[in-house]
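If you want the building blocks of each chain, they are given just below.
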Amino acid sequence: MPPQRTFVTTLRIAICAAFAAGAVACGGGHPAAHITVTPAASVQDKPLSIRMIGLGGHRRVTVVMSSVDARGTRFTGSAIFEPTANGTLDLSRARALGGGSYTGVWPMGLLSSMAAPAALVPQPYYRWGRTARAFTVRVTANRKTLATTSFTRSWQRGSYETLTATVQREGFVGTFYSPRGARHQPAVLAFGGTEGGADGSYEGERLAANGIPTLFVGYFAAPGLPKVLRNIPLEYFRDALLWLRNEDVPPVVEVRDGGPGVIVTRLRR
C-alpha cells in the first residue's frame, strides 16, 4: 500500500474511534444515532430536554423510557415518532403517534406516562426513595436498537422542616412543611380528595423543597376525624388557615437526618 494511502486510512480509523459514541458515522452516509438528555441529573419536578440525531433512513422510531423504583418495580413508558427529514427528533416538539403510552405533543410525556405492569395496579405509584434513581432511554426501529442513554433523577433536594398537627392540640390533623429558615412568607394550604387520610408528603415535600411552606390537612379517615366523607364543616379549614397565618413559629425540639441532602426537623408547640 502506498505511504499516502496508509496515512489516510490510519487517520480515518483514528477519527472513527474518536467519534464512536455516535457523533458521526464512519461508513459514509447518515450520522450514527445518538440521544441527549439535558440535564443528565435532575429533580423530579424539573423539565427535561430529550433530543436525538442520526435517525435518517427510518420513517418511524419507537422511544422507550424505563426505570426501577425504590421498591424494585420496573416502570416503562413509550411512544412512536416520525423523525424529521434530517433524522432528528426533539420530544418537546415531536408528536407521539398511536401505539405507545401517550399521543400528541407532550415534552414530558415519556416520564409522565410511565407505568408498572398491570398486575401491580393496587400499588401503581413510582417510589422514589432517598437516593437518585436511574432512567434509561432507548430508541429502536424495526426491532433494532439504534441508541441508548441514561440519566438520573431525584425526588427532591434541599432541606425542610415539618410539624405534625393533631385535633387535640391544633384543632385539625395535618403536617406543616417549611423550607429551613423560611419565615413570614406566603404559604399553601393543601388537602386531598376522596382517598382520605392525612398523608400529604407528595405535595408538602415537593413544595417545601422549592421554597414554598405548605400545610397539608386531612379532613376524614384520620385519627380524631370522621371515618367517612360526610358533613365536614368548612370551619375546619378556616382553623387551619388561621393557624397557618400565625407568625409565632414553634421552637425546634428534635432534629434528625432524613437522608442525603435532606434534614427533617420535628417541631412542637
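Everything numeric here is computed off the predicted structure, so don't read it as measured data. (Residues numbered from 1 in each chain as written. Predicted model: local features only at pLDDT ≥ 70, side-chain atom pairs only at ≥ 80, totals over all residues. Heavy atoms only, no water.)

### Describing the nonpolar core
Item 1. Counting residues in each nonpolar core, the largest one holds 31 residues, and the members touching the most others are Met52, Met65, Phe81 and Leu89.
Item 2. Secondary structure elements with two or more residues in this core: β1 (34-38), β3 (49-53), β4 (61-68), β5 (74-81), α2 (109-112), β7 (133-141) and β8 (144-154).
Item 3. In terms of residue count, β7 provides more of this core than any other element does, four residues in total.
Item 4. Setting aside its immediate chain neighbours within four residues, Met65 contacts Ile50, Phe75, Thr76, Gly77, Leu110, Leu111, Met114, Phe135, Thr136, Val137 and Phe151.
Item 5. Leu225, Ala240, Trp243 and Leu244 belong to the second-largest nonpolar core, a separate cluster that totals 16 residues. (Core = buried A, V, L, I, M, F, W, Y, C linked by side-chain atoms within 4.5 Å. Buried < 20%, exposed > 50% of the residue type's maximum accessible area, 1.4 Å probe, protein only. Helix = DSSP H or I, 4+ residues; strand = E, 2+ residues; numbered from the N terminus. Contact = heavy atoms within 4.5 Å.)

### Quick look at the pattern of salt bridges
Item 1. Enumeration according to the criterion identifies seven salt bridges in this entry.
Item 2. With a closest N to O distance of 2.7 Å, Arg169 and Glu170 form a salt bridge.
Item 3. A residue is classified by how much of its surface remains accessible, and Glu170, at 11% relative accessible area, is buried. (Salt bridge = Lys/Arg side-chain N within 4 Å of Asp/Glu carboxyl O.)

### Points about the side chain of Glu205
Item 1. One can find Glu205 in helix α3 (residues 201-209).
Item 2. At a separation of 2.5 Å, a polar atom in the side chain of Glu205 contacts the side chain of Trp155.
Item 3. In contact with Glu205, not counting residues within four places along its chain, are Arg130, Trp155, Gln156, Tyr160, Tyr177 and Gly200. (Polar contact = N/O pair within 3.5 Å; in protein donor to acceptor, adjacent residues only side chain to side chain.)

### Some thoughts on the environment of Gly56
Item 1. Structurally, Gly56 is set in the loop between β3 and β4.
Item 2. When the C-alpha positions of Gly56 and Thr88 are compared, they lie 7.5 Å apart, and in sequence the two are 32 residues distant.

### A short note on the confidence of the model for the protein chain
Item 1. With 76% of its residues at a pLDDT of 70 or more, the protein chain has an overall mean of 80.
Item 2. Across residues 1-25, where pLDDT falls below 50, the model places 16 contacts with residues more than four positions away in sequence or in other chains.
Item 3. Below pLDDT 50 for its whole length, residues 247-269 participates in 51 contacts with residues either more than four positions away or in separate chains. (pLDDT = per-residue confidence, 0-100.)

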